[in-house]
Amino acid sequence: MTLPDRAQIVVIGGGIIGCSTAYHLARDHKADVVLLEQGQLTSGSTWHAAGLVGQLRSSASITKVLKYSVDLYKRLDQETGLETGWKMSGCLRLATNEDRWIEYRRLATTAQSFGMDMELLSPQEAKAKFPLMQVDDLVGASWLPTDGQASPSDITQSLAKGARMHGAKIIENIRVTGFEMKDGRILAVKTNKGDIACEKVVNCGGQWARQVGAMAGINVPLQPVKHQYVITEKLNGLSSDAPTIRDPDRRTYFKEEVGGLSFGGYEPNPQGWTMDDVPDEWEFQLFDDDYDHFEQHMMAAMERVPALEKVGIKQMINGPESFTPDGNFILGTAPECSNMFVGAGFNAFGIAAGGGAGWVLAQWVIDGEAPLDLWVVDIRRFSEMHRERQWVNDRTLEAYGKHYEIGFPHVEYQSGRPHIVSPLYDRLKSHRAVFGSKLGWERPNWFAPEGMEMHDIPSMGRQNWFEAVGKEHRHVREKVGIFDQSSFAKYEISGPDALSTLSHICANDVSKPTGRLTYTQLLNTRGGIEADLTVARLAEDRFYVVTGTGFRTHDLAWIREHVPDGADVKIEDITEAFGTLSLMGPHAREVLEKVTSAEVSNTAFPFGHVREIAIAAATVRALRVTYVGELGWELHIPINAIGEVFDELMQAGKEWDIRPVGYRALESLRLEKGYRAWGSDITPNDTPYEAGLGWAVRRNSNSGFIGQKALQAIAGEPLTKRFAGFAIKDPDAILVGRETILRNGQPVGYLTSGGYGYTIGQSIGYGYVRNPDGVSDEFLADGDYELVIALDRVPAKICLKPFFDPGNARVKA
């Protein structure tokens, strides 16, 4: 086929993701699409993928994406006439210990929450589904009947045919060599056979996606890893409809393959391929067989299926798969270039995700925003640190090695640390801080009392830090604590059009006078919450914006992408210029009064205000705001002065027993106060009204803001879901999120977050109660509630107000 001189959208890469994206762009949106493949379709890593298709993930949206894949694979052949090899064989997950069994009980609850049917089986029930399996060591197994397997090449060819049927052009044996760009946007794709002008580019380059992105200055942080599996000769007694098996305690998986058994695994000592560019000439290629490295999986597989000892190996597959530093795939708009979209890094479940990923990515390309809450896979979860190839390699190999580890809550990665530290790192370490990491920043999770080991001990029950965090929590409630939150993302927005720009982007009123703060959400066109942040007005034309550590790239990109055309505004990321100390607790004012000459009484410095004050010869931006529900200030300090300010505060606070406090106490404090966390409690799927945040939306905006029309369209309509809190008295019940909410015995939603409220002495969770006929106050109040926790039903009390809010009075005036 001749290369056209222009197209609306160019898709780069002819694996399953590229073909699925082209198919959905053509079928659903009638887009003018050209797909470019440097070799032949599937010739990168799709052709040698194992083809297992699972659906259940910890994210409701990603589970929906994977369920869509299954639905598509079931029916695609009816449209295109090409088989997909789809076989709904079901999937057994095996458990050999109690911690794994608890994980499966929680997974089964998650499945129920997401509308799926996962059963838990006895060892003998599992054996009945796969008689060749040895089950003496099993505690039990989970069973998802709708999982299965498919042929990666057949699916891809069927998607490609479907794309062509709907008008897409697919050109093979053409290599992208660069991009023509202007003002950070792609104007044309350059190839070895000419240039093609376009409006948008979708980078589905697989293991080449990083190199394709780099041609446009875009970072796609993935690492090719060698992944091996074998296919045996015909195995007597193996049914053609045998279920797929995941045996995570032995790090292996199995599936039937033309009468034989295909099996492989995820070893703790994986082999990365290259940190240099992947060779262009790598069409239908594999690495040499490496039975020495594969032996660990061979031995584990024979222990589980003893018949493997007497069957020959037909073929070993040793090929590269693209993996990412957190084990989640990469979708969305590149923050460096607003018209390049990425779909890559699928961590060996590209076949399971392919159909659904192409569906949502196509919608994203057309609309310019994600159609669902896809934060866990959004490319904007990464930052500049992810350009460091060695760091990406090390963290990716660690994530690969943990693929089949038990999913204990609160587990931290260890590789590449410490990467970014605040100037207080050594001081906090001397206070026995136990650090976690967020977007590269070392942050104190908790502080170990003398005589206690300074590290987390993972557990499915109460963890080793539970009591220590409780003491920190109570200290903030009763005395005064200090949090190092220097990792906060911080931006300055200035210029003649700064206010009008922010008014267009923010749902709340940011036109308050100089010296005022505004909590606001940024909404998408559906009225969903894309971000929530604090805007401080420093001057008529200058604003200081603070948001969460992990959202630095995402929120900055959203703001920049939505600046009105022609606006005279300057947007700067100044995260590293300021450190942040949050001084919180009933004695916070007394401590602050001892270190500054500024007036900090409630009259002079009310809640929701910002002032510049002097502490330790430093000019500090003090924000009267709280995320813990106590009197307090966020003190934003020139980074080089934060050590001196910390020392002065610690000295001044001795009278009130001031102490540093960690992020796990912060989490329990915010849960008691009912503050929402973006990414879990509030997401692009949720409107402010559903989230109980309608008070933060301006009602009569003449200028209009993004999402206003969507909110106006539902104004006055009954809400079909509403955010609510739940508390349980059972001291052994542990909430981690995704527990099913039952109202009068019927499922009505699931928890978005969970933890423990030390002040009230109960476990606390939050989630949305759903009812298609409307969720009124009466509907909420009239029900009897239970939470399903690891399949156990536990009575719960619903609450629409904060669990802890004694007096509030504008947050403890």
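Residues numbered from 1 in each chain as written. Predicted model: local features only at pLDDT ≥ 70, side-chain atom pairs only at ≥ 80, totals over all residues. Heavy atoms only, no water.

## Thoughts on the overall build of the protein chain
Across its full length, the protein chain carries 19 helices and 38 strands. Its C-alpha atoms give the protein chain a radius of gyration of 27 Å, within 12% of the compact-globule value 28 Å for 813 residues. If one aligns the C-alpha atoms of the protein chain with their principal axes, the spans along those axes are about 80 × 65 × 55 Å. For the protein chain, the proportion of its 813 residues judged to be buried stands at 62%. For the protein chain, restricting intrachain contacts to residue pairs at least 6 apart in sequence, the fraction spanning at least 24 positions comes to 73%. Accessible surface, the protein chain: about 30100 Å² in total, of which carbon and sulfur atoms supply 48%. Here the protein chain holds 85 positive side-chain charges and 106 negative ones, and the gap between their average locations is 3 Å. (Helix = DSSP H or I, 4+ residues; strand = E, 2+ residues; numbered from the N terminus. Rg over C-alpha atoms; globule rule 2.2 N^0.38 Å. Buried < 20%, exposed > 50% of the residue type's maximum accessible area, 1.4 Å probe, protein only. Contact = heavy atoms within 4.5 Å. Areas by Shrake-Rupley, 256 points an atom, 1.4 Å probe, with all protein chains shown as cover. Lys, Arg positive; Asp, Glu negative; His and termini not counted. Charge placed at Lys NZ, Arg CZ, Asp CG, Glu CD.)

## Focus: helix 5 (residues 152-165)
Relative to the 20 Å expected for 14 residues at 1.5 Å per residue, helix 5 spans 20 Å between its end C-alpha atoms, a close match to the ideal helical length. Buried within helix 5 are the following residues: Pro 152, Ile 155, Thr 156, Ser 158, Leu 159, Ala 160, Gly 162 and Ala 163. Looking at the buried positions of helix 5, the neighbouring elements they touch are helix 1 (16-29), helix 2 (60-80), strand 8 (169-171) and helix 8 (350-367). Gly 167 lies just past helix 5 and shows a positive phi near 105 degrees. (Expected span 1.5 Å × (residues − 1).)

## Considerations on the sheet that holds strand 28 (residues 578-584)
Pairing is mixed across the open sheet formed by six strands, whose spatial order is 29-30-31-28-22-32. Every other strand in the sheet has two partners, leaving strand 29 (610-615) and strand 32 (659-660) as the edge strands with one partner each. In this sheet, strand 30 (residues 618-623) lies alongside strand 29 in antiparallel orientation, the contact comprising six bridges. Counterpart to Glu 612 in the pairing with strand 30 is Arg 621. Lying on the sheet, helix 15 (residues 642-652) is in contact with strand 22 (481-484), strand 28, strand 29, strand 30, strand 31 (632-638) and strand 32; it crosses strand 28 at an angle near 15 degrees. (Pairing = 2+ DSSP bridges. Axes fitted to C-alpha atoms, helices over the stretch in contact; angles between N-to-C directions.)

## Thoughts on the sheet that holds strand 37 (residues 785-789)
Read around the barrel, six strands follow the order 33-36-35-34-37-38 and close on themselves; strand pairing throughout is antiparallel. Each neighbouring strand pair of the sheet contributes to a mean axis angle of 40 degrees, computed without reference to strand direction.

## Side note on empty space enclosed by the protein
What the rule picks out here adds up to four cavities of 30 Å³ or more. In this model, the largest cavity occupies a volume close to 80 Å³. If you go around the largest cavity, you meet 14 residues; those closest to its centre are Ala 370, Asp 378, Glu 530, His 554 and Pro 684. Grouping the amino acids of the lining of the largest cavity by side-chain chemistry returns eight nonpolar, one polar and five charged. Reported here for the second largest cavity is a volume of approximately 40 Å³. The wall of the second largest cavity is formed by Gln 485, Ser 582, Met 584, Val 625, Thr 626, Tyr 627, Val 628, Glu 634 and Leu 666. Here the lining of the second largest cavity is built from residues that sort into five nonpolar, three polar and one charged. (1 Å grid on protein atoms, 1.4 Å probe; cavity = no way out; pocket = protein on both sides within 12 Å on 5 of 7 lines; lining within 4 Å. Points joined across faces, edges and corners; volume = space filled by probe spheres on them. Nonpolar A, V, L, I, M, F, W, Y, C, P; charged D, E, K, R; others polar.)

## Digging into the layout of surface pockets
Counted as a void, the second largest pocket has a volume near 930 Å³. Looking at the second largest pocket, it is lined by 35 residues, and the ones nearest its centre are Ala 334, Pro 335, Glu 336, Ala 557 and Glu 561. Contributing elements (two or more residues each) for the lining of the second largest pocket: helix 8 and helix 13 (552-561). The dominant element in the lining of the second largest pocket, judged by the number of residues it contributes, is helix 13, at six residues.

## Description of the packing of helix 2 against helix 5
Contact geometry for helix 2 and helix 5: axes closest at 10 Å, N-to-C directions at 50 degrees. Our classification of the angle between helix 2 and helix 5 gives oblique. Viewed along their axes, helix 2 and helix 5 form a crossing whose handedness is left-handed. Two secondary-structure elements touch here, helix 2 through Leu 72, Tyr 73, Leu 76, Glu 79 and Thr 80 and helix 5 through Ile 155, Ser 158, Leu 159, Lys 161, Gly 162 and Met 165. (Parallel < 35°, antiparallel > 145°, perpendicular 65-115°, else oblique. Left-handed = near helix turned anticlockwise from the far one by under 90°.)

## With respect to the pattern of salt bridges
In total, this model carries 45 salt bridges according to the counting rule given. Between Arg 175 and Asp 280 there is a salt bridge, with the nearest N and O atoms lying 3.9 Å from each other. Of this pair, Arg 175 sits in the loop between strand 8 and strand 9 (176-182) while Asp 280 sits in the loop between strand 16 (271-272) and helix 7 (291-304), placing them 105 residues apart in sequence. A salt bridge links Arg 251 to Glu 405; the shortest N-O distance between them is 4.0 Å. Here the residue Arg 251 occupies a position in the loop between strand 13 (244-247) and strand 14 (252-257), and Glu 405 occupies one in the loop between helix 9 (389-401) and helix 10 (425-430), the gap between them amounting to 154 residues. Residue Arg 251 is classed as partly exposed on the basis of its relative accessible area of 21%. A network of salt bridges, in which partner residues are shared, links Asp 137, Asp 247, Arg 250, Glu 303 and Arg 304. (Salt bridge = Lys/Arg side-chain N within 4 Å of Asp/Glu carboxyl O.)

## Here's the deal with the pairing of strand 4 (residues 91-95)
The element strand 4 is largely enclosed, with a buried count of five among its five residues. Residues of strand 4 alternate between two faces, with Cys 91, Arg 93 and Ala 95 on one and Leu 92 and Leu 94 on the opposite face, all of them buried. As judged from the five bridges shared by strand 4 and strand 6 (residues 140-144), these two strands associate in the antiparallel manner. Opposite Ala 95, over in strand 6, you have Gly 140 as the bridge partner. With three bridges connecting them, strand 4 and strand 13 associate as parallel partners. Opposite Cys 91, over in strand 13, you have Thr 244 as the bridge partner.

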